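# Inside the fold
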Amino acid sequence: MDITVSGRKMPISDSLKSYAEDKIGKTVTQLEVGAIACEIVLYREKNKAIPNAAVCEVTVIMPGHVARVEESEEDMFAAIDVAAAKIARQLRKFKTRIQSKRTKKNEQLVDFQHEDGHPESELDLDKLMEELSQDEIVRRKKIQYSPLTEEEAMVEIDLLGHDFFVYTDRDSGDVHVLYRRGDGTLGLLTPDNGD
């Protein structure tokens, strides 16, 4: 497994680099999840109003999955410790879910076209953009995804640490949104197909 430690707009001392490699690298290696690479980014927030200015971002890349953690603490070593514990928890959860529910390796791709869907040419995108002129999109991101079951989507939302996860349901072919509610439980948005 390839481990890279870098600093964002700050130099990284050799002792800090070796500590991050040892602490997080050992955690990932011991869990034997088949990690290909581990990227660790360390930086300090410049805003004095933020009490926990030391930030440690950890991204573990596995075949077909990505686990990500971001932790802030007062001290950089403490941020590394907390991030190592959190990534260990995520990877342990991932490993138990994946091993308990092995998925089929050769699944056919679902056709994303809907029979009742309208071609994009019928949409007036300029008119829609004018209506949304007060709002501004600050970042666009293209994603690739394959059909998943609800269980697999729950694994992915935990690994990524996001508040929501968009996927295509393997059984129905519909787009679903899995989201984390305020109380920590999960919710699922599905289309109403009039069934």
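These numbers come from a predicted model, not from an experiment.

Counting its regular elements, the protein contains four helices and seven strands. In sequence order, the secondary structure elements of the protein are arranged as β-α-β-β-β-α-α-α-β-β-β. Considering only contacts in the protein between residues 6 or more positions apart, those separated by 24 or more positions represent 46%. When the accessible area of the protein is evaluated, it comes to approximately 13,800 Å², of which 48% is carbon and sulfur surface.

Here we take up the packing of aromatic side chains. Counted under the stated rule, the structure contains two aromatic pairs. Where Y19 meets F77, the ring centres are 5.0 Å apart and the plane angle is 70°; that geometry is what we call edge-to-face. On the criterion of sequence distance, the pair formed by Y19 in helix α1 (residues 14–31) and F77 in helix α2 (residues 76–100) is long-range, its members being 58 residues apart. Looking at Y19, the relative accessible area reads 28%, which means it is partly exposed. By relative accessible area, which is 33% here, F77 ends up partly exposed. Ring geometry for F165 against Y167: centres 6.2 Å apart, planes inclined by 20°, an arrangement best described as stacked. With respect to class, F165 is no different from Y167; both count as buried.

Regular strands have side chains that alternate between both faces of the sheet. Where strand β1 (residues 2–7) meets strand β2 (residues 37–44), six bridges bridge the pair, whose relative direction is parallel. Within β2, the residue paired with V5 across the bridge is I40. Between β1 and its parallel partner β2, the chain crosses via α1, and the hand of that crossover is left-handed.

Right, let's get into the environment of I157. With respect to the helices and strands, I157 occurs in helix α4 (residues 150–160). Those residues in contact with I157, other than ones at most four positions away along the chain, are H162, D163, F164, F165, L178, Y179, R180 and L186.

A separate point is a nonpolar patch on the surface. Taken together, the side chains of I143, Y145 and V175 make up a nonpolar region of the molecular surface, amounting to roughly 260 Å² of accessible area. Structurally, the position occupied by I143 is in the loop between α3 (125–131) and α4. When its relative accessible area of 52% is taken as the criterion, I143 is described as exposed.

What follows concerns the nonpolar core. Counting residues in hydrophobic clusters, the biggest one holds 29 residues, and the most contacted among them are I24, C56, V60, M62 and L91. No other element matches α2, which puts nine residues into this core. Apart from residues no more than four positions distant in its own chain, I24 is found in contact with C38, I40, C56, V58, I80 and A84. Residues L148, A153, I157 and L160 belong to the second largest nonpolar core, which totals seven residues.

Turning our eyes to something else, we now look at a positive patch on the surface. Side chains of K9, R44, K46 and K48 sit close together on the surface and give a patch of like positive charge. Within the fold, K48 resides in the loop between β2 and β3 (54–62). The class for K48 is exposed, based on a relative accessible area of 81%.

Reading the values: rules and limits
- Here the residue numbers are simple positions, counted from 1 along each chain's written sequence.
- Thresholds applied to this predicted model are a pLDDT of at least 70 for local features of residues and 80 or more for the giving and counting of side-chain atom pairs; totals over whole chains, interfaces and linings are not thresholded and use all residues.
- The side-chain quantities take in all heavy atoms of the structure and omit both hydrogens and water.
- Put simply, DSSP marks the helices as runs of H or I at least four residues long and the strands as runs of E at least two long, and each gets a number from the N terminus on.
- We call two residues in contact when some of their heavy atoms are within 4.5 Å.
- Only the protein chains shown count as cover for residues, and all accessible areas are computed by the Shrake-Rupley method using a 1.4 Å probe.
- Centres within 6.5 Å are what make two rings of Phe, Tyr or Trp a pair, Trp counting through its six-membered ring; a difference in plane orientation under 30 degrees is then read as stacked, over 60 as edge-to-face, and the rest as tilted.
- Only protein chains enter the accessibility calculation, which uses a 1.4 Å probe; a residue is then buried when its area is under 20% of its type maximum, exposed when over 50%, and partly exposed in between.
- When DSSP finds at least two bridges between two strands, those strands are taken to pair.
- Assignment of crossover handedness uses the view with strands pointing away from the viewer, where a clockwise path from the first strand over the helix to the second indicates a right-handed crossover.
- Like charges are joined within 9 Å and nonpolar side chains (Val, Leu, Ile, Met, Phe, Trp, Tyr) within 5 Å, but only among residues with over 30% relative accessible area and no salt bridge; these make up the patches.
- In the sections that follow, a salt bridge refers to a side-chain nitrogen of Lys or Arg positioned within 4 Å of a carboxyl oxygen of Asp or Glu.
- Here, nonpolar core refers to any group of buried Ala, Val, Leu, Ile, Met, Phe, Trp, Tyr and Cys residues whose side-chain atoms link them within 4.5 Å.
- Under the convention used here, Asp and Glu are negative, Lys and Arg are positive, and both His and the chain ends fall outside the count.
- We put the charge of a Lys on NZ, of an Arg on CZ, of an Asp on CG and of a Glu on CD.

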